[in-house]
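Architecture and fold: a report
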Amino acid sequence: MSVARFWRKIPQRYNLIGTRCGTCGTYFFPPRSFCPSCRREGKIEEYRFPGKGKVVTHTVIRSASEQFERQTPYVLAIIQLDEGPRFTAQVVAEPGEIQVGTPVRPVFRRISADGESGVIHYGTKFVPVR
Amino acid sequence: MYVGNMSAGRFIEQEHIGALIADYSGMATRHIPATRVEAACASGGLSFRQAVIAVASGMEDVVVAAGVEKMTDVGTGVSVDTLAGAADREWEGFVGATFPGLYAMIATDYMHRYPLTREQLAQVAVKNHFNGARNPIAQFQQEITVETVIRSSLVADPLRLFDCSPITDGAAAVIVAPLERAREFTDRFVKVRASAQASDTISLHDRADISRLDATVAAGRRALDSAGLSHRDIDLVEVHDCFTIAEICAIEDLGFCRKGDAGRLTEEGITALDGDLPVNTSGGLKACGHPVGATGIKQICEVVQQLRGEAGKRQVPGAEIGMTHNVGGTGATVAVHILEAI
Ligand SMILES: [Zn+2]
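Residues numbered from 1 in each chain as written. Chains lettered and ligands numbered in written order. Predicted model: local features only at pLDDT ≥ 70, side-chain atom pairs only at ≥ 80, totals over all residues. Heavy atoms only, no water.

Some remarks on empty space enclosed by the protein
- Per the counting criterion, the structure on display carries 2 cavities of 30 Å³ or more.
- Estimates place the volume of the largest cavity at around 110 Å³.
- Along the walls of the largest cavity sit 14 residues, with Phe 87, Thr 88 and Thr 124 of chain A together with Trp 91 and Val 95 of chain B positioned nearest its centre.
- When contributions to the lining of the largest cavity are tallied by element, the ones reaching two or more residues are α2 (10–15), β6 (86–91) and β8 (120–128) of chain A.
- The leading source of residues in the lining of the largest cavity is β6 of chain A, at 3 residues.
- Residues that form the lining of the largest cavity fall into these classes: 8 nonpolar, 4 polar and 2 charged.
- Looking at the second largest cavity, its volume works out to about 40 Å³.
- As for the second largest cavity, its lining consists of Tyr 103, Leu 213, Thr 216, His 240, Ala 246, Cys 249, Ala 250, Asp 253, His 325 and Val 327 of chain B.
- Breaking the lining of the second largest cavity down by element, the ones donating at least two residues are α10 (244–253) and β9 (321–328) of chain B.
- The dominant element in the lining of the second largest cavity, judged by the number of residues it contributes, is α10 of chain B, at 4 residues.
- For the lining of the second largest cavity, a count of residues per class yields 6 nonpolar, 3 polar and 1 charged. (1 Å grid on protein atoms, 1.4 Å probe; cavity = no way out; pocket = protein on both sides within 12 Å on 5 of 7 lines; lining within 4 Å. Points joined across faces, edges and corners; volume = space filled by probe spheres on them. Helix = DSSP H or I, 4+ residues; strand = E, 2+ residues; numbered from the N terminus. Nonpolar A, V, L, I, M, F, W, Y, C, P; charged D, E, K, R; others polar.)

Printed below as a string of structure tokens:
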């Protein structure tokens, strides 16, 4: 991934900055710049998600692309935030440690790196809440 | 000419393959229009649909619908990453989602909600290898057992190596022409009864239901409605089994049974070659292979062979109407076609 491409999404990746439609109250993460329900009537505003949520579904990745091969096995999940939006993220946990419905909270972590000397990509992972 | 292709740029560093294929098939000097169509693993299905639309509209007369992918020149890491491009790069690929990983999350959700056993899931692969063993062009022509699947290595839990379709080199082509002209070229043509396409969110996490492909539901419904047919009229179906769980979902989402019942149907042999609804007589993506851009056309070829009665050891006796179901990504694009014997 190019530096510019990663840089552009830093607010979302580091701080879970998403959006919310002021007209119908729907929350969006990843952020959307228009509301699919309200369309041109929608009023999109920025919203910072606290990041509390739960596991909707999950897997353990054991065969990955080159960028992630050294991290295998790692736990991947779809997280539903308390406000409603769902998105995909890694969970810092042992295989078998999380289940459907496990509550999670966000942590700032290294996601991947472009080779040995390339840019390090940081972002948000999740940890189970005990 | 339409050519379905997902990623020649990354697999073989060649773009512009519409023109390239027109050239090497000797048609560039005739200056025919040649267009590449891309919708990840549904590129072939969309290529066929574009050809049907072109002919049905009267804009073109005789059109080649082709599909091709050359996947084995790159290593596994590169192919895994290239295929991950069919999902949302920024919000799925970026965090380490692989294609098997996304379908594994469908499987986890499905098995949490419906009574699908590990053995039933494996039986999808066993059935497709049985069919592949009767298909001389299949990538894998050997039968396997439930144990083969369950003892193979985990790729993304709960999916194992034998739940996954392979990396494949392949190509396929069909010719689409107006019905009234077809007899000029062959007396073994088949009729296109319906062509439907639908889309859904690019990301799996944004779906209304993780275990249901609503683009499959929509395209399947539209195809049957436009053909004026019901499920009982369909004699066989080629579905997009990129993973075993995908075949389970496809059978249900196309409406052949209720949600949660496809595992039992598979176990009871209803989707087998000699069952009431043979599914993936070619061996499917699992055994016949999955050269992503070619798959949608290969499905059409299989149904054409069946409707002509030329499918040899895997022939479904008396097959008159067949369906194909081709998925791009985790369900962001779906093409469904219905063909009928003449
Ligand atoms: Zn709204």
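Describing the domain arrangement of chain A
All names here are of chain A.
- Taken domain by domain, chain A holds domain 1 (1–49) and domain 2 (51–130).
- At the boundary of domain 1 with domain 2, total buried surface from both sides reaches about 1200 Å², with 67% on carbon and sulfur atoms.
- The interface formed by domain 1 and domain 2 holds 0 salt bridges in total.
- Counting only elements with at least two residues in the side of domain 1 that touches domain 2, the list comes to α1 (3–8), α2 and β2 (27–28). (Domains from an automatic or database assignment. Buried area = accessible area lost by both parts, 1.4 Å probe. Salt bridge = Lys/Arg side-chain N within 4 Å of Asp/Glu carboxyl O.)

A short note on the pairing of β9 of chain B
Residue and element names in this part refer to chain B.
- Where burial is concerned, most of β9 is hidden: 8 out of the 8 residues are buried.
- Sheet topology note: the strand β8 (residues 236–238)/β9 ladder contains 3 bridges and is parallel. Residue pairing across strands places Glu 238 opposite Thr 324, the latter belonging to β9.
- Relative to strand β10 (residues 333–341), β9 runs antiparallel, the two sharing 8 bridges. Paired with Val 327 across the strands is Val 334, a residue of β10. (Buried < 20%, exposed > 50% of the residue type's maximum accessible area, 1.4 Å probe, protein only. Pairing = 2+ DSSP bridges.)

Some words on helix α2 (residues 17–24) of chain B
Residue and element names in this part refer to chain B.
- Among the residues of α2, Ile 17, Gly 18 and Ala 22 are the ones counted as buried. Taken down its axis, α2 places every buried residue within 140° of arc, on the same side.
- Where α2 is buried, its residues meet β1 (2–4), α1 (8–11), β2 (35–37) and β3 (63–70).
- Gly 26, located one to two residues past α2, shows a positive phi value of around 80°. (Arc of directions from axis to C-beta. Contact = heavy atoms within 4.5 Å.)

Quick look at the side chain of Thr 98 of chain B
- Tracing the sequence through the fold places Thr 98 of chain B in the loop between α4 (76–84) and α5 (99–113).
- Under the relative-accessibility criterion, Thr 98 of chain B is labelled buried at 3%.
- Contact partners of Thr 98 of chain B, with chain neighbours within four places excluded, come to Ile 61, Ser 63, Ala 64 and Ser 65 of chain A together with Val 80 of chain B.

Considering the side chain of Thr 266 of chain B
All names here are of chain B.
- Here Thr 266 is to be found in helix α11 (residues 262–267).
- Among the residues examined, Thr 266 registers a relative accessible area of 7% and is labelled buried.
- With sequence-adjacent residues up to four places away left out, Thr 266 is seen in contact with Gln 120, Gln 123, Val 124, Ile 248 and Thr 271.

Focus: the pattern of salt bridges
Residue and element names in this part refer to chain B.
- Going through the model one piece at a time under the given rule, you end up with 32 salt bridges over all chains.
- Of the charged contacts, one joins Asp 200 and Arg 207 as a salt bridge, the two residues approaching to 3.8 Å between their closest N and O atoms.
- Of the residues examined, Asp 200 reaches a relative accessible area of 25% and is grouped as partly exposed.
- A salt bridge links Lys 298 to Glu 238; the nearest nitrogen and oxygen atoms lie 3.9 Å apart. Of this pair, Lys 298 sits in helix α13 (residues 292–308) while Glu 238 sits in strand β8, placing them 60 residues apart in sequence. Comparing Lys 298 with Glu 238, the two get one shared label, buried.
- Beyond isolated ion pairs, a larger network of salt bridges with shared partners links Asp 109, Arg 113, Asp 209, Arg 212 and Asp 214.

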